[in-house]
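Each chain, written out:
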Amino acid sequence: MQVIPIFSQAKKTWLGIAMGGGSSGPRLSGMQKQVLALYRGFLRAARTKSPEVRSRIQATVSAEFRHNSQIDRKNFLYIEYLLRRGKKQLDQLNSPDTVGLSSLNV
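Structural notes, computed from the coordinates. From a predicted model like this one, the values you see are computed outputs, not experimental measurements. Just so you know, the residues in each chain are numbered from 1, in the order the chain's sequence is written. Selection of residues for local features in this predicted model requires a pLDDT of at least 70, selection of side-chain atom pairs for listing and counting requires 80 or more, and totals for whole chains, interfaces and linings are taken over all residues. Calculated side-chain values reflect all of the structure's heavy atoms, with hydrogen atoms and water omitted.

**Topic: the overall build of the protein**
- Runs of E in the DSSP output that reach at least two residues are strands. Runs of H or I that reach at least four are helices, and both are numbered from the N terminus. Secondary structure summary: the protein contains three helices and two strands in total.
- From first element to last, N terminus to C terminus, the protein shows the α and β order β-β-α-α-α.
- Sequence separation of 24 or more characterises 43% of the internal contacts of the protein that already satisfy a separation of 6 or more.
- Note that accessible areas follow from Shrake-Rupley with a 1.4 Å probe, and for residues the cover is restricted to the protein chains shown. On the protein, roughly 8200 Å² of surface is accessible, and the fraction owed to carbon and sulfur atoms is 55%. A contact between two residues is defined here by any heavy atoms of the two lying within 4.5 Å.

**Comments concerning the nonpolar core**
- In this text, buried Ala, Val, Leu, Ile, Met, Phe, Trp, Tyr and Cys residues form a nonpolar core when linked through side-chain atoms within 4.5 Å. Categorising residues by exposure relies on relative accessible area from a 1.4 Å probe, with only protein chains included: less than 20% of the type maximum marks a residue as buried, more than 50% marks it as exposed, and the intermediate range marks it as partly exposed. Membership of the largest hydrophobic core is limited to 12 residues, which are Met31, Leu38, Phe42, Ala45, Ala46, Val53, Ile57, Val61, Ile79, Leu83, Leu90 and Leu93.
- The set of elements that each furnish at least two residues to this core consists of helix H1 (30–47), helix H2 (51–68) and helix H3 (76–94).
- In terms of residues, this core owes the most to one element, H1, which gives five residues.
- The contact partners of Val53, leaving out residues within four places of it in the chain, are Val99 and Gly100.

**Observations concerning H2**
- Expected helix span is computed as 1.5 Å times (number of residues minus one). The terminal C-alpha atoms of H2 lie 26 Å apart, and with 18 residues this matches the ideal 26 Å at 1.5 Å per residue to within 8%.
- Inspection of H2 places Val53, Ile57 and Val61 among the buried residues, and these make up the whole buried set. Looking straight down H2, one finds its buried side chains confined to an arc of 65°; they lie on one side. Turned more than 90 degrees away from the buried face of H2 sit Pro51, Glu52, Arg56, Arg66 and His67, all of them exposed.
- Residues of H2 that are buried make contact with H1 and H3. The reported arc concerns the directions from the helix axis to the C-beta atoms and nothing else.

**Here's the deal with H1**
- Compared with an ideal rise of 1.5 Å per residue, which puts 18 residues at 26 Å, H1 spans 26 Å between its outermost C-alpha atoms and is within 8% of the ideal.
- When H1 is considered as a whole, its buried residues turn out to be Met31, Leu38, Gly41, Phe42, Ala45 and Ala46. For H1, the arc enclosing every buried residue in end-on projection is 135°, short of the 170-degree limit, so these residues lie on one face. Seen from the open side of H1, the exposed residues pointing more than 90 degrees away from its buried face are Lys33 and Arg47.
- The inward-facing, buried residues of H1 contact H2 and H3.

**Description of the packing of H1 against H3**
- Fitting a line to C-alpha atoms yields each axis, with helices limited to the stretch in contact; the angle taken between N-to-C directions then spans 0 to 180 degrees. Following both chains from N to C, one finds H1 and H3 inclined at 20°, their axes separated by 10 Å at the closest point. Considered as vectors, H1 and H3 are oriented roughly parallel to each other. Read as a crossing pair, H1 and H3 show a hand that is left-handed. Of the residues in H3, those touching H1 at Met31, Gln34, Val35, Leu38, Gly41, Phe42 and Ala45 are Phe76, Ile79, Glu80, Leu83, Gly86, Lys87, Gln89, Leu90, Leu93 and Asn94. Angles are sorted into four bins: roughly parallel if under 35 degrees, roughly antiparallel if over 145, roughly perpendicular if 65 to 115, and oblique for all others. Handedness of a helix crossing follows the sense of rotation of the near helix relative to the far helix, less than a right angle counterclockwise being left-handed and clockwise being right-handed.

**Examining the environment of Arg56**
- Mapped onto the secondary structure, Arg56 falls in helix H2.
- Judged by relative accessible area, Arg56 falls into the exposed class, the value being 51%.
- Expressed as a C-alpha distance, the spacing of Arg56 and Ala46, which sit 10 residues apart in the sequence, is 8.9 Å.

Here it is as structure tokens:
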């Protein structure tokens, strides 16, 4: 079993989330599971692109998820909006015609 450290903004501490079999570790809500599945989906999609593009995709996705980790956990409407937007972006990234991913800072 692999333990992955994750920083908890609410408690300002590092948590170890166990990955693998067994029921040890924190229980995740349905929305948290959706967010993690979306993140893993982006990383899987990045593996299908060229190596130089892959690192840019991974960096962009990581930065975006870290930026959005500051959102209040109880702001369900905004989180659901971000999930829908992320799923659309993931569908576009999975398209064979898409060669990369970029972000725009405004």
